[in-house]
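Descriptive structure summary
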Amino acid sequence: MLKALSIENYRSILKLTIPLGQVTVITGPNGSGKSNLYKALRLLAQAGAAS
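Cut-offs and rules
- Residues numbered from 1 in each chain as written.
- Predicted model: local features only at pLDDT ≥ 70, side-chain atom pairs only at ≥ 80, totals over all residues.
- Heavy atoms only, no water.
- Helix = DSSP H or I, 4+ residues; strand = E, 2+ residues; numbered from the N terminus.
- Buried < 20%, exposed > 50% of the residue type's maximum accessible area, 1.4 Å probe, protein only.
- Contact = heavy atoms within 4.5 Å.
- Areas by Shrake-Rupley, 256 points an atom, 1.4 Å probe, with all protein chains shown as cover.
- Pairing = 2+ DSSP bridges.

Helix and strand counts for the protein stand at one helix and two strands. Each of the three principal axes of the protein carries a C-alpha extent, and together these read 35 × 25 × 15 Å. Residue burial in the protein is summarised as follows: out of 51 residues, 16% are buried. Here the contacts in the protein between residues at least 6 apart in sequence split such that 31% fall between residues at least 24 apart. Working note: accessible area of the protein is about 4200 Å², and carbon and sulfur atoms make up 56% of it.

Okay, the environment of isoleucine 18 next. Tracing the chain through its elements places isoleucine 18 in strand S2 (residues 13-19). Separated by 15 residues in sequence, isoleucine 18 and lysine 3 have C-alpha atoms that sit 8.8 Å apart.

Where strand S1 (residues 4-10) meets S2, six bridges bridge the pair, whose relative direction is antiparallel. When the sheet's bridge partners are listed, tyrosine 10 is paired in S2 with isoleucine 13. With antiparallel pairing between neighbouring strands as the criterion, S1 and S2 make up a hairpin whose turn holds two residues, including arginine 11 at a positive phi of roughly 50 degrees.

Structure below.
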């Protein structure tokens, strides 16, 4: 299980580190980068599935 997620220089996310629990809820106003966070997670999942 992932315990933390760190993203740097991906789309609108300059630098982000968030701890992850069994359930992590991402909230925020429109235009705050939530979709880019999900795209980064999808990219990570695709990279893991390819190996």
